[in-house]
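# A structural walkthrough
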Amino acid sequence: LAIGYWPYTTNPQGALFTMSLDEDARWLEWVTKQFESIAGEDKEIDLEEFKTALKVKESFFAERFFALFDSDGSKTISLDELLEALDLLIHGSETDKLRFLFQVYDVDGSGSIDPDELRTVLKSCLRESAISLPEEKLDDLTLALFESADKDNSGSITFEELKAELENFPEVMENLTISAANWLKPPGLEQKKGRHTPRYLTPAYWHNNSRKLLFLCAYTCLNLLLFITAMLKNAEGGFWYMVAKGCGQCLNFNCTFVMVLMLRRCLTWLRATWVVRVLPLDQNILLHQMVGYAIVTFSTVHTTAHFMNFVHLSQNSSYSLWEHLFTTRPGIGWVQGSASLTGMVLQIMICLMVVCSSTFVRRSGHFEVFYWSHLSYVWVWALLVVHCANFWKWFVVPGVIFLLEKLVGVAVSHMGGLYIVEVNLLPSKVTHLVIKRPQFFHFKPGDYVYINIPDIAKYEWHPFTISSAPEQPDTLWLHIRSMGQWTNRLYEYFRQPDSQVVSTKRLSASLKDRRHQRRTTAKLSENHRFCNVKCFVDGPYGTPTRQIFASEHAVLIGAGIGITPFASILQSIIYRMRKQNCPNCSYSWCENIKDSEMKLRKVDFIWINRDQKSFEWFVSLLTKLEMDQADEEPEGRFLEMHMYMTSALSKNDMKAIGLQMALDLLAKKEKRDSITGLRTRTQPGRPEWGKVFQKVAEEKKGKVHVFYCGAPALAKLIKAQCEHFGFNFYKENF
């Protein structure tokens, strides 16, 4: 509600600190201002204004809160009524706040809650949390909560019974004060925070990023050495000439090194050696970006220094400034005096490549702009050879390796015919591709490939994580979310009815073309079908997740479609575990298959989704993982799953308390979550990372490694928490 929220803070247990008199006065002044801005000239807030200010999805709660705030029944809320209600929620006793909650549920004001009233409330809770359940499931939720709360079987729930029921849920009682206040929070009111040591100056940060920091120090020192050496060698040319030569030497190194960081096959091979413990191979993309920015900086300074030098030369020679810049007459350069012209073209091309590589371009549905602009690296290297007499000496060895990698990639991707044999269109525009696996295609869990589908775009290759396990012999899985032009075309291509997909000029097509076009052979359902679509795959390439089996306690965190590498890992883990069942009883346990790589003692899998539908992407896989696990294990469950749905209101929100209690009760009764159908209960809201990692640390299963795939903003938050707890953090990035 944009009306009022007091500037309170909470301790780790969720209890309110008492406001000081100054804070109380400031809060009163702020609430009064907000009230006046919403109420307008009549100094009263009506129901429609209240609904607008409250910003809830379901009007039921707005109407109930309005009715309780409107103590005189005038159909409007005055400032005094608002302050009186807020004072109860802030300073009232626990019983007062529980009474307020009870009155919200007691729709007819009879002093008790009957099953129909409870069902109405729960239905509104579901809508508010964007959860869709069948009417039968809503009835089950209502009965589960009602039967648990109605202790005397009188057919209605009294205030005392509701209070007793809430006491069975200590986390709800703990947060009741916050939940009664949370919906009143205004945007932009920031709490005063104490001064903290900057994250980059903490010992934990330096310890967890030691390889990267040492590498960057070595990289910086090498550039300084190259710059100073080149300057001293060209001291006779004047200051600007020295600067230009210094930057030029750094550009020789960086324009080659930026390519070395993208030798994917070499890096994948190095990940399996001791080198991975010394060099930050898992951060090659970040380093590639940093070197790219260094190239832009050096090239800009290099160009500016040459410009200033040309200004000086034009004053003491027969050639004008524009002749130095735009012609070959002065004879500058080792190939027919073309250094100035090639330098101007290079500066423009490098700047365009960096701009088109920005996060804004790549993440805003214009990946093709990044893709095609980046292919101009071939022309950049060609122009560099022409521009600088010494560049070829830096370039020749890495260039040959890069060329060999490309030739191997082309040979591997076109070796034999690969076909997409099955496709399944999933919610939120996710395309699940099943590809016939080549006989000699070997990969590790979490690896990724580049895929080319000529029917979608003949020359475009896009990287996607393999979501199937290496132990799965016949097929490869890819789960691709529609987020750009190519991925949208892919989804629409398979969404078309058969009659639209097959060419209308069938009679004039050759037999080869007809076989190529006749892709659909059987249809399993509207969104699931068998097909036969030609594709090419280049890879596999390694990622940080290759280190998971060398970990002792792994925490896998997937946000949205970021689950894909972990789908492969989880399946591989289950393949490596052998479930044993006692023939005389239902007891089961797991044994590790002999595997020198397998050091895992515990895996925590956390999947965060915005909406309910997204869980359908891998719910069948997760169900199988739950079934394949042992019921009881001496050291606790090897794999624990934690599901979070961010659109669902958390237990500390007043509009969700009843629903979350009902979901808990029904899950306990049915041993199955009502939202996903899994045994694991789906938690509402976002994870409290401090509490999550604290629990992981307390388990003491060995060194903790956290693997993350998802949005960059969340990665920063998780990484900071990992540094605090001393966990190793790895982010999937390619």
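Residues numbered from 1 in each chain as written. Predicted model: local features only at pLDDT ≥ 70, side-chain atom pairs only at ≥ 80, totals over all residues. Heavy atoms only, no water.

## Here's the deal with the overall build of the protein
- For the protein, the count of helices and strands is 29 helices and 15 strands.
- Across the 734 residues of the protein, 50% fall into the buried class.
- The contacts in the protein between residues at least 6 apart in sequence include a share of 69% that link residues at least 24 apart.
- When the accessible surface of the protein is split by element, carbon and sulfur atoms take 59% of a total near 36400 Å². (Helix = DSSP H or I, 4+ residues; strand = E, 2+ residues; numbered from the N terminus. Buried < 20%, exposed > 50% of the residue type's maximum accessible area, 1.4 Å probe, protein only. Contact = heavy atoms within 4.5 Å. Areas by Shrake-Rupley, 256 points an atom, 1.4 Å probe, with all protein chains shown as cover.)

## Description of a negative patch on the surface
- On the surface, Glu41, Asp42, Asp46 and Glu48 cluster together to form a negatively charged patch.
- Residue position: glutamate 41 is located in the loop between α1 (21-39) and α2 (47-54).
- Since its relative accessible area comes to 82%, glutamate 41 is described here as exposed. (Patch = residues over 30% accessible without salt bridge, like charges linked within 9 Å, V, L, I, M, F, W, Y side chains within 5 Å. Salt bridge = Lys/Arg side-chain N within 4 Å of Asp/Glu carboxyl O. Lys, Arg positive; Asp, Glu negative; His and termini not counted. Charge placed at Lys NZ, Arg CZ, Asp CG, Glu CD.)

## Digging into the nonpolar core
- Of all hydrophobic cores here, the largest spans 82 residues; its most connected members are Phe69, Leu556, Phe605, Trp607 and Leu622.
- The biggest single contributor to this core is helix α27 (residues 657-670), with seven residues.
- When neighbours within four sequence positions are excluded, tryptophan 607 is seen to be in contact with Gly558, Gly560, Ile563, Ser614, Phe615, Trp617, Phe618, Leu622, His642, Met643 and Tyr644. (Core = buried A, V, L, I, M, F, W, Y, C linked by side-chain atoms within 4.5 Å.)

## Remarks on the UniProt feature "transmembrane region" (unreviewed entry) in the protein
- Mapped onto this numbering, the UniProt entry annotates "transmembrane region" (unreviewed entry) at residues 213-232, 238-263, 290-311, 331-356, 377-395, 407-427 and 554-575.
- Annotation note: span residues 238-263, helix share 85%, strand share 0%, distance between end C-alpha atoms 39 Å.
- Taken end to end, residues 377-395 is 84% helix and 0% strand, and its first and last C-alpha atoms sit 13 Å apart. (UniProt positions renumbered as here; feature names shortened; annotations may be inferred.)

## Examining the environment of histidine 312
- Relative to the helices and strands, histidine 312 is located in helix α15 (residues 284-315).
- With 74 residues separating them along the chain, histidine 312 and glycine 238 place their C-alpha atoms 9.9 Å apart.

## Some points on the packing of aromatic side chains
- Across all of its chains, the model carries 30 aromatic pairs by this definition.
- A centroid spacing of 6.5 Å and a plane angle of 25° characterise the contact between tyrosine 708 and phenylalanine 729, whose relative ring orientation is stacked. Separated by 21 residues along the polypeptide, tyrosine 708 in strand β14 (residues 704-709) and phenylalanine 729 in strand β15 (residues 728-731) bring together distant segments of the chain.
- When the ring of phenylalanine 725 is compared with that of phenylalanine 727, the centres are 5.6 Å apart and the planes differ by 25°; the resulting orientation is stacked. Each of the two residues, phenylalanine 725 as well as phenylalanine 727, counts as buried.
- Through pairs of rings, three or more aromatic residues link up here, namely Phe215, Tyr219, Phe253, Phe257 and Trp394.
- Just above the ring of phenylalanine 159 sits the side chain of arginine 99; from NZ or CZ to the centre is 3.9 Å. (Phe/Tyr/Trp six-rings, centres within 6.5 Å; stacked < 30°, edge-to-face > 60°. Lys NZ or Arg CZ within 6 Å of the ring centre and 35° of its normal.)

## Digging into the pattern of salt bridges
- Scanning the model with the defined rule gives 15 salt bridges in all.
- Where arginine 489 meets glutamate 460, a salt bridge forms, and the shortest distance between an N and an O atom there is 3.9 Å. One end of the pair, arginine 489, is in helix α22 (residues 485-495); the other, glutamate 460, is in the loop between β3 (448-452) and β4 (462-465), with 29 residues separating them in the sequence.
- Glutamate 460 gets classed as buried once you look at its relative accessible area, which sits at 7%.
- What you see here is one network of salt bridges that share partners, running through Lys602, Asp604, Glu640 and Glu699.

## Quick notes on the sheet that holds strand β11 (residues 602-609)
- The six strands lie next to each other as β13-β12-β11-β8-β14-β15, forming an open sheet whose pairing is parallel. Each having just a single partner strand, β13 (682-684) and β15 make up the two edges of the open sheet. This sheet shows a mean twist of 20° between the axes of neighbouring strands, independent of strand direction.
- The pairing of β11 with strand β12 (residues 639-645) spans seven bridges and is parallel. When the bridges of β12 are listed, phenylalanine 605 appears paired with methionine 641. (Pairing = 2+ DSSP bridges. Axes fitted to C-alpha atoms, helices over the stretch in contact; angles between N-to-C directions.)

## Section: the packing of helix α13 (residues 239-260) against helix α21 (residues 391-413)
- Where α13 contacts α21, the axes come no closer than 9 Å and their chain directions differ by 0°. Regarding the angle of α13 to α21, the classification is roughly parallel. Mapping the contact onto sequence places Gln249, Asn252, Phe253, Cys255, Thr256, Met259 and Val260 in α13 and Phe391, Trp394, Phe395, Pro398, Gly399 and Phe402 in α21.
- Here the contact of α13 with α21 is composed, by residue class, of nine nonpolar, four polar and no charged. (Parallel < 35°, antiparallel > 145°, perpendicular 65-115°, else oblique. Nonpolar A, V, L, I, M, F, W, Y, C, P; charged D, E, K, R; others polar.)

## Observations regarding unusual backbone geometry
- A cis amide bond, omega 5°, links glycine 539 with the succeeding residue proline 540.
- With respect to the helices and strands, proline 540 occurs in strand β7 (residues 528-541).
- With a phi angle near 60°, alanine 130 is a residue other than glycine that sits in the positive phi range.
- Its location among the elements puts alanine 130 in the loop between α6 (115-128) and α7 (135-149).
- The partly exposed category is assigned to alanine 130, whose relative accessible area is 37%.
- One non-glycine residue with positive phi stands out, namely lysine 700, at about 50°.
- Inspection of the secondary structure puts lysine 700 in the loop between α28 (689-699) and β14.

## Observations regarding the environment of glycine 111
- Counting through the fold element by element, glycine 111 comes out in the loop between α5 (94-105) and α6.
- Note on glycine 111: relative accessible area 41%, which makes it partly exposed.
- Linking glycine 111 and phenylalanine 159, residues 48 residues apart in sequence, is a C-alpha distance of 7.6 Å.
- What glycine 111 contacts, discounting residues up to four positions off in sequence, is Phe102 and Asp106.

## A few points about the packing of α15 against helix α17 (residues 339-356)
- Where α15 meets α17, the closest approach of the two axes is 10 Å, and the angle between their N-to-C directions is 150°. Comparing the axis directions of α15 and α17 gives the class roughly antiparallel. Remark: the crossing between α15 and α17 carries left-handed chirality. Two secondary-structure elements touch here, α15 through Gly292, Tyr293, Ile295, Val296, Ser299, Thr300, Thr303 and Phe310 and α17 through Ser340, Gln347, Ile350 and Val354.
- Class assignment of the residues belonging to the contact of α15 with α17 gives a composition of six nonpolar, six polar and no charged. (Left-handed = near helix turned anticlockwise from the far one by under 90°.)

## A look at a nonpolar patch on the surface
- On the surface, Trp334, Val335, Trp392, Val396, Val397, Val400, Ile401, Leu403, Leu404 and Leu407 cluster together to form a nonpolar patch covering roughly 920 Å² of accessible area.
- For valine 335, the position within the fold is in the loop between α16 (321-326) and α17.
- Look at valine 335 and you get partly exposed, because its relative accessible area is 30%.

## Some thoughts on the pairing of β7
- Among the 14 residues in β7, 11 count as buried, and that is most of the element.
- Direction of pairing for strand β1 (residues 418-426) relative to β7: antiparallel, over a ladder of six bridges. Within β7, the position partnered with leucine 418 by the bridge is cysteine 535.
- When β3 meets β7, the two strands line up antiparallel, connected through four bridges. Within the sheet, the bridge partner assigned to tyrosine 448 lies in β7 and is tyrosine 541.

## Here we look at the side chain of arginine 437
- You can see arginine 437 is positioned in the loop between β2 (430-436) and β3.
- Glutamate 471 is the oppositely charged side chain nearest to the buried, salt-bridge-free arginine 437, at an N-O distance of 7.4 Å.

## Overview of α21
- The terminal C-alpha atoms of α21 lie 32 Å apart, and with 23 residues this matches the ideal 33 Å at 1.5 Å per residue to within 8%.
- Valine 397 marks the point of greatest bend in α21, at about 35°, and the proline proline 398 comes within the next four residues.
- In this fold, the buried residues of α21 make contact with α13, α14 (264-270), α20 (377-387) and β7. (Expected span 1.5 Å × (residues − 1). Bend = angle between axes of the 7 residues up to and from the residue.)

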